[in-house]
Amino acid sequence: IKSPSSLIGVKEINLTKDINVYPNPAKSNVTVAFNKDSKFETIEMYDALGRKVLSSKIDKVATEYTFTVEGLSTGMYNIILNGSLGKATKKLIVD
């Protein structure tokens, strides 16, 4: 069975595979590293209840973004990177 995107000739891009989040689990600073060709423009992070706990723009030439998780509750968070090619989501555990 072919996916709908292959039926209309649209190439599907997996942006998530080239993203590394470390350290994970984290206690203080976290770095999100990615390929600059991914063209990410913003980063957001949400807690398990869907509340936005981080929102920031990413420099166009950046290949990583570092932020602190100090002060956040222990638990699972979703990091979402948005850009002109789409969006990618990674999970982060805060200890």
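Everything that follows concerns the structure shown earlier in this document.
All values reported here derive from a predicted model rather than from experimental measurement.

A. Structural detail: the nonpolar core. Formed by 22 residues in total, the largest nonpolar core has its most connected members in Val 32, Ile 43, Phe 67 and Leu 92. Looking at this core, the elements that each hand over two or more residues are β2 (29–33), β3 (40–46), β5 (64–68), β6 (75–83) and β7 (86–94). Residues contacting Ile 43, with those up to four places away along its chain left out, are Val 32, Leu 54, Ser 55, Ser 56, Ile 58, Tyr 65, Phe 67, Ile 79, Ile 80 and Leu 81.

B. View of the packing of aromatic side chains. In the structure shown here, the tally under the stated rule is two aromatic pairs. The interplanar angle of 90° and the centroid separation of 5.6 Å between the aromatic rings of Phe 34 and Phe 40 together place this pair among those described as edge-to-face. Residue classification places Phe 40 among the buried positions, given a relative accessible area of 5%. Judged by centre distance (6.0 Å) and plane angle (35°), the rings of Tyr 65 and Phe 67 are tilted. Here Tyr 65 matches Phe 67 in class, with each residue buried.

Thresholds, definitions, all that
- Residues numbered from 1 in each chain as written.
- Predicted model: local features only at pLDDT ≥ 70, side-chain atom pairs only at ≥ 80, totals over all residues.
- Heavy atoms only, no water.
- Core = buried A, V, L, I, M, F, W, Y, C linked by side-chain atoms within 4.5 Å.
- Buried < 20%, exposed > 50% of the residue type's maximum accessible area, 1.4 Å probe, protein only.
- Helix = DSSP H or I, 4+ residues; strand = E, 2+ residues; numbered from the N terminus.
- Contact = heavy atoms within 4.5 Å.
- Phe/Tyr/Trp six-rings, centres within 6.5 Å; stacked < 30°, edge-to-face > 60°.

Taken by themselves, the reported measurements are silent on function.
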